[in-house]
Amino acid sequence: MRALVLAEVGRFELVDLPDPQPGAGEVRVRVTQSGICGSELGGFRGTDGLRHPGLVFGHELIGLVDAYGPGVPPDRRLEPGSPVTVNPLWSCGHCPICRAGRPNVCPDRRLLGGHVNGSNAELVVVDAGSLHPIDADGSDTIILAEPTACALRAVRRTSVGPGGSALVLGAGPIGLLLLEALRRKGVEVLLFTERMDGRVPAGRASGGVRLPDGDDELLDLVRERTGGHGVDAVFDAVGSSQTRQSAVQAVRAGGDVCLVGLHAGESMLPVRNLIRREVACVTSFAYTPTDFADAVALLQSGDVDFHGEIVHAGLEAGQSWYEKLVAGHPAGKIVLEPSPATVTAGAAR
Ligand SMILES: [Zn+2]
Ligand SMILES: [Zn+2]
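Residues numbered from 1 in each chain as written. Chains lettered and ligands numbered in written order. Predicted model: local features only at pLDDT ≥ 70, side-chain atom pairs only at ≥ 80, totals over all residues. Heavy atoms only, no water.

## Quick notes on the UniProt feature "domain: Alcohol dehydrogenase-like C-terminal" (unreviewed entry) in the chain
Okay, so step 1: As recorded in UniProt, the feature "domain: Alcohol dehydrogenase-like C-terminal" (unreviewed entry) lies at residues 173-300.
Okay, so step 2: A distance of 18 Å separates the end C-alpha atoms of residues 173-300, which is 45% helix and 20% strand. (UniProt positions renumbered as here; feature names shortened; annotations may be inferred. Helix = DSSP H or I, 4+ residues; strand = E, 2+ residues; numbered from the N terminus.)

## A look at the packing of aromatic side chains
Okay, so step 1: Under the definition given, this model contains six aromatic pairs.
Okay, so step 2: Taken together, a centroid distance of 5.4 Å and an interplanar angle of 10° make the contact between F12 and F44 stacked. With F12 in strand β2 (residues 11-16) and F44 in helix α1 (residues 41-45), the pair connects residues that are 32 residues apart, well separated along the chain. One exposure class covers both F12 and F44, and it is buried.
Okay, so step 3: Here F12 and Y322 contribute two aromatic rings whose centre-to-centre distance is 4.6 Å and whose plane-to-plane angle is 50°, an arrangement assigned as tilted. With F12 in strand β2 and Y322 in helix α10 (residues 318-326), this pair connects stretches of sequence that are 310 residues apart.
Okay, so step 4: Relative accessible area serves as the criterion here: at 6%, F12 is assigned to the buried category.
Okay, so step 5: Taking relative accessible area as the criterion, Y322 reaches 0% and is therefore assigned buried.
Okay, so step 6: Site record: aromatic cluster; members linked through ring pairs are F12, F44, F57 and Y322. (Phe/Tyr/Trp six-rings, centres within 6.5 Å; stacked < 30°, edge-to-face > 60°. Buried < 20%, exposed > 50% of the residue type's maximum accessible area, 1.4 Å probe, protein only.)

## Examining the nonpolar core
Okay, so step 1: Formed by 44 residues in total, the largest nonpolar core has its most connected members in V168, L178, L182, F235 and Y287.
Okay, so step 2: Here this core gets seven residues from one element, more than from any other, and that element is helix α3 (residues 145-156).
Okay, so step 3: Residue assignment places this core across two domains, with domain 1 (2-148 + 287-337) and domain 2 (158-283) each supplying three or more. (Core = buried A, V, L, I, M, F, W, Y, C linked by side-chain atoms within 4.5 Å. Domains from an automatic or database assignment.)

## A closer look at helix α7 (residues 241-250)
Okay, so step 1: Buried within α7 are the following residues: T243, R244, S246, A247, V248 and A250.
Okay, so step 2: Contacts from the buried residues of α7 go to β10 (165-169), α6 (215-225), β13 (231-236), β14 (251-259) and α8 (271-276). (Contact = heavy atoms within 4.5 Å.)

## Remarks on a negative patch on the surface
Okay, so step 1: A surface patch of negative charge is lined by D216, E217, D220 and E224.
Okay, so step 2: As for its position among the elements, D216 is in helix α6. (Patch = residues over 30% accessible without salt bridge, like charges linked within 9 Å, V, L, I, M, F, W, Y side chains within 5 Å. Areas by Shrake-Rupley, 256 points an atom, 1.4 Å probe, with all protein chains shown as cover. Salt bridge = Lys/Arg side-chain N within 4 Å of Asp/Glu carboxyl O. Lys, Arg positive; Asp, Glu negative; His and termini not counted. Charge placed at Lys NZ, Arg CZ, Asp CG, Glu CD.)

## Brief notes about the coordination of the zinc ion (ligand 1)
Okay, so step 1: Only C37 (SG), H59 (NE2), E60 (OE) and E146 (OE) from the protein coordinate the zinc ion (ligand 1), and they sit 2.1 to 2.4 Å from it.
Okay, so step 2: Here the zinc ion (ligand 1) is ringed by four donor atoms whose angles at the metal span 87 to 154°, and the overall shape comes out irregular.
Okay, so step 3: Sequence spacing of the donor residues for the zinc ion (ligand 1), all on one chain, is C-x21-H-E-x85-E. Pair noted here: E60 is in strand β4 (residues 60-68) and E146 is in helix α3, with a separation of 86 residues, a long-range link. (Donors = N, O, S within 2.8 Å, 3.2 Å for Na, K, Ca; no water. Tetrahedral: all angles 85-135°; square planar, octahedral: opposite > 155°, others 65-115°.)

## A word on a nonpolar patch on the surface
Okay, so step 1: On the surface, I97, V105, L262 and F285 cluster together into a nonpolar patch covering about 340 Å² of accessible area.
Okay, so step 2: Mapping I97 onto the fold places it in helix α2 (residues 96-99).

Here is the structure:
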């Protein structure tokens, strides 16, 4: 099979690898779409503890069931050729953290395209329990199931609700899906910041009002729109020291700050200020299986509008797209197409 392998930091190579064989409890999927995730850019730049040379990246995918390994009961198998998406985060399922309903932070969790070869290849082997059947001729946005699940989880970590106010810092794919999830929830005052002008139209189309990301002016405008108090919830989809500071300052007393972006390892925060205003500072990492299933259902229903540009490209264009994204290209989502979607009628694009 053809696969895009990280040959060295900053350089992918399109190579022929032996077809991967599904082991016990596994299934092989023919990958028709593989989205490039912002979380992978660090691996490309060599600043990621997880992704190293020799690895096939890719954890956001759509494909067609190809072959099952042993040990998957016949009544739990989908027909070969069935269109599916995959929850790429696999937890152990039996540690105290998994049993407490937090499998997304299981210490033994594994990520497709991180711990094992991912979907930037014609074929990928995944856990059979991670498949989600999808409509062959369904919405073009199903490829966004994974980032949508991240956004749903982040909103669920806070108590912002109908009629409330929220500020989203960063209008990349996760920021846009956060705006969409908040709008769907009935949040009335929806604000966002974004440094890249090319991403602003999509943020506005998602129902958000853009504010400048410079501190003083940002805070003045947030207060102006919230009766002087600050927003009910701030979602930091960037994770720089500056956005973390802005998040803490823009939230109202008793509100929620939800830290999502992983950009900076450490940041100084005004903790006394947080305590005195009883701000709930929560973090949100990835998604649970429930968040993922809900994201698939939402996208299947066609109710979720994604206003970022979705660009489709061949696997051979992977290198140049990673380079453009690292350089700050504003595209909403780049989707590589390793295999033609020809097996199931209606799935072809
Ligand atoms: Zn992702
Ligand atoms: Zn576990």
